Amino acid sequence: MSRAVFLYAAGDARVAPFNLREGAPGETLLDVAAVGLCGSDLHYYKDGGIGAASIVEPFVPGHEFGGWLTEDLPELGLARGALVAVDPNHACGHCEHCHAGHPNLCPNVAFIGAPPHHGAMTERIWVPKSLIVPVPQDFTPTDAVMLEPLGVAIHAVDLAKPKLLERVALIGCGPIGLLILQVLKSVGAGEILACDPLPHRRALALKLGATRAGASVDDIAEWTQGEGLPLVIEATNAPEGFRDAVRAARIGGRVVLVGIPDGDTYVLPASEARRRGLSIKFSRRMGHVYPRAIELVALGKVDVNAVVSHRFSLEEGPDAFRRLAVNEPGMVKSIIYPSGQSARG
Ligand SMILES: [Zn+2]
Ligand SMILES: [Zn+2]
């Protein structure tokens with residue numbers, strides 16, 4: 001019997017025995033090497049769900065993960081023991097959105113780690129072979145995990161379409177915001193004015209290339225003499241994230257919303273958005289971005305490890321949720337290592 005971190009309800013995470021299900025045709029079994037604790041996982045912990053997707057019975061979270069193959073996969077040129085990443089977005093492949101190249105918008109998706117589909121905060125997991133993403137074998141399990149959040153960041157920047165040297169406001173410097181920041185740098189964005197209420201996250205934003213980092217959007221307003229910036233990317237978990245993004249935007253500007261607000265609700269005075277005539281996009285997961293995510297990491301253009309602050313064993317998983325939920329100082333990205341190894345030679 002293996003073990004897993006289960007979310008039973010809001011505020012209730014426990015490690016318990018987990019009955020590994022039978023594999024289905026086309027699936028392969030992975031030893032989970034590492035699994036990230038995402039802001040969306042935290043929403044299930046804090047709110048018991050995200051909108052209509054709620055915890056009905058205990059479920060195992062974890063959609064950002066890498067693992068070791070337990071069998072040879074010659075069709076992918078991979079041998080048993082190889083480290084791989086997994087795209088958790090199991091889209092149907094048949095609907096108009098899948099056909100249009102937007103698997104992230106597939107309404108029939110089976111997303112690994114979102115209820116009712118158990119995720120990877122466990123020792124072993126069956127995954128469709130079609131979702132296996134081969135990675136360079138000098139990648140660490142942490143690198144493999146971080147490809148998924150990095151993919152979210154790449155997708156957000158794709159939607160934002162920053163112009164060369166365009167100035168950007170970044171609302172929120174959590175793991176996703178800090179990855180967006182690095183992707184923005186790599187595509188040639190100009191000055192990046194960031195804000196986040198947590199001092200350690202502001203410090204990290206400055207280290208990773210933000211021009212300035214303030215405690216609130218008021219700082220960005222002040223630095224731009226109240227004019228705001230032409231492009232704003234929001235990556236917070238706050239109901240005020242949308243409002244702050246709007247306030248940081250220049251008249252006629254573009255706003256991309258990436259974050260998931262606590263309580264599934266935005267707080268926004270309509271006039272602030274309307275009077276600026278803003279163009280607003282909602283970013284939803286990601287499209288086909290893994291090859292670029294791998295390349296950014298392999299070339300060292302994005303430092304995913306700079307964002308990782310805490311490492312936990314599986315047994316410590318509930319503790320990781322609890323500490324992140326109270327915004328413990330110093331916490332940015334947490335990774336859980338179910339095998340107890342943070343690397344394997
Ligand atoms: Zn995630
Ligand atoms: Zn589909």
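This one's a predicted model, so the numbers in the text were calculated from it and none came from an experiment.

Okay, the overall build of the chain next. Scanning the chain for helices and strands turns up 10 helices and 19 strands. For the chain, the C-alpha radius of gyration of 20 Å lies close to 20 Å, the compact-globule estimate for 345 residues. Per-residue burial over the chain gives 55% buried out of 345 residues. A sequence separation of at least 24 residues applies to 71% of the contacts in the chain between residues at least 6 apart.

Here the focus is helix H1 (residues 39-47). Restricting attention to buried positions, one finds in H1 the residues Ser40, Asp41, Leu42, His43, Tyr44 and Tyr45. Residues of H1 that are buried make contact with strand S1 (2-9), strand S2 (12-18), strand S3 (27-37), strand S4 (49-50), strand S5 (53-54) and helix H10 (317-325). Residue Gly48 follows H1 closely and has a positive phi angle near 75 degrees.

With that settled, consider the coordination of the zinc ion (ligand 2). For a metal with four tetrahedral donors the ideal donor-metal-donor angle is 109.5 degrees, whereas six octahedral donors ideally subtend 90 or 180 degrees. Coordination of the zinc ion (ligand 2) by the protein comes from Cys92 (SG), Cys95 (SG), Cys98 (SG) and Cys106 (SG), over a distance range of 2.3 to 2.4 Å. Around the zinc ion (ligand 2) sit four donor atoms; with metal-centred angles ranging over 102 to 117 degrees, the donor geometry is tetrahedral. All donors of the zinc ion (ligand 2) come from a single chain, and their spacing in sequence reads C-x2-C-x2-C-x7-C.

Now for the UniProt feature "domain: Alcohol dehydrogenase-like C-terminal" (unreviewed entry) in the chain. UniProt's feature table lists "domain: Alcohol dehydrogenase-like C-terminal" (unreviewed entry) at residues 175-297, given in the numbering used throughout. Within the segment residues 175-297, helix and strand shares are 41% and 21% respectively, and the terminal C-alpha atoms sit 15 Å apart.

The next thing to look at is the environment of Asp41. Along the chain, the position of Asp41 falls in helix H1. Considered as a pair, Asp41 and Met121 are 80 residues apart in the sequence and their alpha carbons are 11 Å apart. Asp41 has contacts with Leu7, Gly36, Pro61, Gly62, His63, Met121 and Phe321, leaving out every residue within four places of it along the chain.

Attention shifts here to the packing of aromatic side chains. A complete count under the given rule lists seven aromatic pairs for this structure. Ring geometry for Phe242 and Tyr266: centres 5.0 Å apart, planes at 80 degrees, overall edge-to-face. Taken together, the residues Phe242 in helix H7 (residues 241-248) and Tyr266 in the loop between strand S16 (249-257) and helix H8 (270-276) connect sequence positions 24 residues apart. Given the relative accessible area of 8%, Phe242 is considered buried. Taking the centre distance of 6.2 Å and the plane angle of 40 degrees together, the rings of Tyr266 and Phe282 count as tilted. Remark: Phe282 occurs in strand S17 (residues 279-282) and Tyr266 occurs in the loop between S16 and H8; sequence separation between them is 16 residues.

This brings us to the UniProt feature "domain: Alcohol dehydrogenase-like N-terminal" (unreviewed entry) in the chain. The positions UniProt marks with the feature "domain: Alcohol dehydrogenase-like N-terminal" (unreviewed entry) are residues 25-137. As annotated, residues 25-137 has a helix share of 12% and a strand share of 32%, and its two end C-alpha atoms lie 27 Å apart.

Spatial strand order, S14-S13-S12-S15-S16-S17: six strands in an open sheet with parallel pairing. The open sheet has two free edges, formed respectively by strand S14 (212-214) and S17, since each of these has just one partner strand. Averaged over all adjacent pairs, the angle separating strand axes in this sheet is 20 degrees, with direction ignored. Note that strand S13 (residues 192-195) and S14 share three bridges and pair parallel. Pairing of Leu193 across the sheet is with Arg212, part of S14.

The coordination sphere of the zinc ion (ligand 1) contains the protein donors Cys38 (SG), His63 (NE2) and Glu64 (OE), at a distance range of 2.1 to 2.4 Å. Motif for the zinc ion (ligand 1), donor spacing along one chain: C-x24-H-E. Here the residue Cys38 occupies a position in the loop between S3 and H1, and His63 occupies one in the loop between S5 and strand S6 (65-69), the gap between them amounting to 25 residues. With respect to class, Cys38 is no different from His63; both count as buried.

Turning next to helix H5 (residues 199-207). Given 3.6 residues to a turn, an α-helix orients residues that are three or four positions apart in the same direction. If you check which residues of H5 are buried, you get Arg201, Arg202, Leu204 and Ala205. The buried residues of H5 occupy one face: seen down the axis, they fall within an arc of 160 degrees. With respect to the buried face of H5, the exposed residues turned more than 90 degrees away are Pro199 and Lys207. Gly209 lies just past H5 and shows a positive phi near 120 degrees.

Our focus in this paragraph is the side chain of Asp196. By the secondary structure assignment, Asp196 is in the loop between S13 and H5. At 2.7 Å, the side chain of Asp196 forms a polar contact with the backbone nitrogen of Cys173. The residues contacting Asp196, other than those within four sequence positions of it, are Gly172, Cys173, Gly174, Arg201, Arg202, Gly214 and Ala215.

Here the second largest pocket defines a volume of roughly 280 Å³. Lining of the second largest pocket is provided by 16 residues; of these, Arg21, Ile112, His117, His118 and Trp126 occupy positions nearest its centre. At the level of secondary structure, the elements contributing two or more residues to the lining of the second largest pocket comprise strand S9 (110-111) and strand S10 (124-128). The element that contributes the greatest number of residues to the lining of the second largest pocket is S10, accounting for four residues. Tallied by class, the residues present in the lining of the second largest pocket amount to eight nonpolar, five polar and three charged.

Conventions adopted
Residues numbered from 1 in each chain as written. Chains lettered and ligands numbered in written order. Predicted model: local features only at pLDDT ≥ 70, side-chain atom pairs only at ≥ 80, totals over all residues. Heavy atoms only, no water. Helix = DSSP H or I, 4+ residues; strand = E, 2+ residues; numbered from the N terminus. Rg over C-alpha atoms; globule rule 2.2 N^0.38 Å. Buried < 20%, exposed > 50% of the residue type's maximum accessible area, 1.4 Å probe, protein only. Contact = heavy atoms within 4.5 Å. Donors = N, O, S within 2.8 Å, 3.2 Å for Na, K, Ca; no water. Tetrahedral: all angles 85-135°; square planar, octahedral: opposite > 155°, others 65-115°. UniProt positions renumbered as here; feature names shortened; annotations may be inferred. Phe/Tyr/Trp six-rings, centres within 6.5 Å; stacked < 30°, edge-to-face > 60°. Pairing = 2+ DSSP bridges. Axes fitted to C-alpha atoms, helices over the stretch in contact; angles between N-to-C directions. Arc of directions from axis to C-beta. Polar contact = N/O pair within 3.5 Å; in protein donor to acceptor, adjacent residues only side chain to side chain. 1 Å grid on protein atoms, 1.4 Å probe; cavity = no way out; pocket = protein on both sides within 12 Å on 5 of 7 lines; lining within 4 Å. Points joined across faces, edges and corners; volume = space filled by probe spheres on them. Nonpolar A, V, L, I, M, F, W, Y, C, P; charged D, E, K, R; others polar.

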